[in-house]
Amino acid sequence: MARTKSKIILKSIDLCGFKSFAEATHIELSGGINVVTAPSGCGKSNLLAACAWVLMSVEWNFIPKTIIFRGTESRPAADFAEVALAYGNAENAEGDVIIRRKIERNGGQSFFVNGEKIADWEAYSVKVKSLNLPEVWGAMTLTKKRAEKMLQKSKRNWKNCLPIGRPTKLPN
């Protein structure tokens, strides 16, 4: 009998001092589609940037001094930025993997896989790639105006995708 491969999903994101996330922040994700909504400037795109940074995406241009929270008039700058991604089996907690990356204001970096410190960026890159983790790029940003246009054009199709029991206003 062939064993079926369990679906690996991103379960959570932990951020501290990364861009607009000055304080330690834990975000739980569920299997399937997760939606983040908030007003402009709240850091939604920084969540994707954090994932890209930990996964070493070459498609994003990261300048170290822009990664660490710079501070505001009422809050001091952070000394470091740290992001951890927890991946796991969609059905249970067996085989969970946590990858974590940290950068300090002085330029020092640390890399971890399941709590084990990895020697350097190159070794970390090889280790993370060997895990065959799903990427987080299935993301799409929509403006309210664009979402309304999509709903208007294919109202019947979208009605079937909307959660039942939640008040949802479709355009007339």
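Observations concerning the pairing of strand β4 (residues 97-104)
As a general feature of sheets, a regular strand has side chains that alternate between the two faces.
Then step 1. Of the two faces of β4, only the one carrying Val 97, Ile 99, Arg 101 and Ile 103 is buried; Ile 98, Arg 100, Lys 102 and Glu 104 on the other face are not.
Then step 2. The pairing of strand β3 (residues 80-89) with β4 spans eight bridges and is antiparallel. Residue pairing for β4: Ala 81 is matched across the bridge by Ile 103.
Then step 3. Between the antiparallel neighbours β4 and strand β5 (residues 109-113) lie four residues, among them Gly 107 with a positive phi of about 100 degrees.

Notes on the confidence of the model for the chain
Then step 1. Taken residue by residue, the chain gives an average pLDDT of 77. The fraction at 70 or more is 69%.
Then step 2. The secondary-structure element of the chain with the lowest mean pLDDT is helix α5 (residues 155-159), recorded at 51, while strand β6 (residues 116-118) shows the highest, at 95.
Then step 3. In this model, residues 158-172 is a region of pLDDT below 50 whose contacts with residues beyond four sequence positions or in other chains number 13 contacts.

Digging into the sheet that holds β4
Then step 1. Across the sheet, which stays open at both edges, the six strands sit in the order β2-β1-β3-β4-β5-β6 with antiparallel pairing between neighbours. Each edge of the open sheet is held by one strand with a lone partner, namely β2 (25-28) and β6. Taken pair by pair, the neighbouring strands of this sheet meet at an average axis angle of 20 degrees, ignoring direction.
Then step 2. Bridge count for strand β1 (residues 8-16) against β2 is four bridges, and the pairing is antiparallel. Bridging across to β2, Leu 15 finds its partner in Thr 25.
Then step 3. Of the strands in this sheet, β1, β2, β3, β4 and β5 touch helix α1 (residues 44-54), which is tilted by about 80 degrees from β3.
Then step 4. Along the sheet, helix α3 (residues 121-130) contacts β4, β5 and β6; its crossing angle with β5, the most-contacted strand, is approximately 25 degrees.

What about the side chain of Glu 82?
Then step 1. Along the chain, Glu 82 falls in strand β3.
Then step 2. Here Arg 100 takes part through its side chain, which lies 2.4 Å from a polar atom of the side chain of Glu 82.
Then step 3. Setting aside residues up to four positions removed in sequence, Glu 82 forms contacts with Asp 14, Leu 15, Cys 16, Arg 100, Arg 101 and Lys 102.

So, how was this worked out
Residues numbered from 1 in each chain as written. Predicted model: local features only at pLDDT ≥ 70, side-chain atom pairs only at ≥ 80, totals over all residues. Heavy atoms only, no water. Buried < 20%, exposed > 50% of the residue type's maximum accessible area, 1.4 Å probe, protein only. Helix = DSSP H or I, 4+ residues; strand = E, 2+ residues; numbered from the N terminus. Pairing = 2+ DSSP bridges. pLDDT = per-residue confidence, 0-100. Contact = heavy atoms within 4.5 Å. Axes fitted to C-alpha atoms, helices over the stretch in contact; angles between N-to-C directions. Polar contact = N/O pair within 3.5 Å; in protein donor to acceptor, adjacent residues only side chain to side chain.

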